[in-house]
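# Structural description and commentary
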Amino acid sequence: MLRGPGATCKCGWHDPLPGTRRERAESYALHLAEARAERLRSCRDCKLRKDLKWMSAKPGLCKSCSSARTRAWRDANPDEWERHRRRSYLKQKYGITPEQYDEILAAQGGVCAICGDPPADSRGYRMHVDHCHSTGRVRGILCGPCNRGLGNFADNPTRLLAAVDYLHR
Ligand SMILES: [Zn+2]
Ligand SMILES: [Zn+2]
Ligand SMILES: [Zn+2]
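Labelled according to an unreviewed UniProt entry, the protein appears under the name Recombination endonuclease VII, originating from Nocardioides aquiterrae.

This brings us to the nonpolar core. Inside soluble globular proteins, nonpolar side chains tend to come together where they are buried. Grouped together as the largest cluster of nonpolar side chains are 14 residues, with contacts concentrated most on Leu90, Tyr94, Ile96, Tyr101, Cys112, Met127 and Val129. Secondary-structure elements contributing two or more residues to this core are helix H3 (78-94), helix H4 (98-107), strand S4 (138-142) and helix H5 (144-152). Among the elements that line this core, the one with the most residues is S4, at 3 residues. Not counting residues up to four positions away in its chain, the partners in contact with Met127 are Tyr101, Leu105, Val111, Cys112, Asp117, Pro119, Ile141, Leu142 and Cys143. Counting 5 residues, the second largest nonpolar core, distinct from the first, contains Cys43, Met55, Leu61 and Cys62.

Turning to the pattern of salt bridges, a few remarks are in order. Counted under the stated rule, the structure contains 8 salt bridges. Where Glu82 meets Arg85, a salt bridge forms, and the shortest distance between an N and an O atom there is 3.0 Å. With a gap of 3 residues between them, Glu82 and Arg85 both fall in helix H3, about one helical turn apart. For Arg85, a relative accessible area of 38% corresponds to the partly exposed category. Salt-bridge contacts for Asp155 lead to Arg139; the nearest nitrogen and oxygen are separated by 2.8 Å.

Note on metal geometry: ideal angles are 109.5 degrees for four donors arranged tetrahedrally and 90 or 180 degrees for six donors arranged octahedrally. Coordination of the zinc ion (ligand 3) by the protein is provided by Cys112 (SG), Cys115 (SG), Cys143 (SG) and Cys146 (SG), with metal-donor distances spanning 2.3 Å. The site at the zinc ion (ligand 3) holds 4 donor atoms, and with the angles between them running 103 to 115°, its shape is tetrahedral. Written as a sequence motif, the donor arrangement for the zinc ion (ligand 3) is C-x2-C-x27-C-x2-C. Each member of the pair, Cys143 as well as Cys146, carries the same accessibility label: buried.

Their axes nearest at 9 Å, the elements H3 and H4 cross at an angle of 75°. Taken as axis vectors, H3 and H4 run roughly perpendicular relative to one another. On H4, the residues that touch Arg86, Arg87 and Leu90 of H3 are Pro98, Glu99 and Tyr101. In terms of residue class, the contact of H3 with H4 is built from 3 nonpolar, no polar and 3 charged.

Definitions and limits used
Residues numbered from 1 in each chain as written. Chains lettered and ligands numbered in written order. Predicted model: local features only at pLDDT ≥ 70, side-chain atom pairs only at ≥ 80, totals over all residues. Heavy atoms only, no water. Core = buried A, V, L, I, M, F, W, Y, C linked by side-chain atoms within 4.5 Å. Buried < 20%, exposed > 50% of the residue type's maximum accessible area, 1.4 Å probe, protein only. Helix = DSSP H or I, 4+ residues; strand = E, 2+ residues; numbered from the N terminus. Contact = heavy atoms within 4.5 Å. Salt bridge = Lys/Arg side-chain N within 4 Å of Asp/Glu carboxyl O. Donors = N, O, S within 2.8 Å, 3.2 Å for Na, K, Ca; no water. Tetrahedral: all angles 85-135°; square planar, octahedral: opposite > 155°, others 65-115°. Axes fitted to C-alpha atoms, helices over the stretch in contact; angles between N-to-C directions. Parallel < 35°, antiparallel > 145°, perpendicular 65-115°, else oblique. Nonpolar A, V, L, I, M, F, W, Y, C, P; charged D, E, K, R; others polar.

Structure below.
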C-alpha cells in the first residue's frame, strides 16, 4: 500500500505520520472531531454543551438561555426595565442621561420650549428631545406638534420667518 505524507488541515494542523489515503482520511476526521469538541462549552442553565458561537457574552450561559433570563427579568421588573430602556435610548440617540433630560426640562420651566404646553403625561415621556441635525447638539425639549413643526420647516429659520410673515398678511 502506498504511504503518502501525513494528513493536513487548513487550520495548520498536520499529522506527522505518513499514511495511506484511508489512514489520512481517518486521521483528518479525528482531528475535525477533536477541534469541534474543543469548541464545546456547557451552559449552566440548560446544561447542554454547545459550540462557542452559541454562547452569550455572559460567562457559562448560552445565547438562548441568556435572552430567556433577560425576558424573565424584564417581566418581573417592568418599571426598572423601562428606566433602563429609556436611559440607553437617550444615551444612544442624543448622548444625554435621563438626569440631564430632567435638568433641561426644569430649566425650561417643565414645559415645551416653544408653546409652553406641559408634557402630555406626568412622566414627561411624550416630550421630544430636539437636536440640531448637523451638530447633534441638544437644543431643548419640545412637545410633539412643535417638534414636528420644526421638522416640517426643515429646521430652517428663514422658512419659519417667512411663514410668520405670511400669517401676518
Ligand atoms: Zn484543522
Ligand atoms: Zn443554555
Ligand atoms: Zn410645543
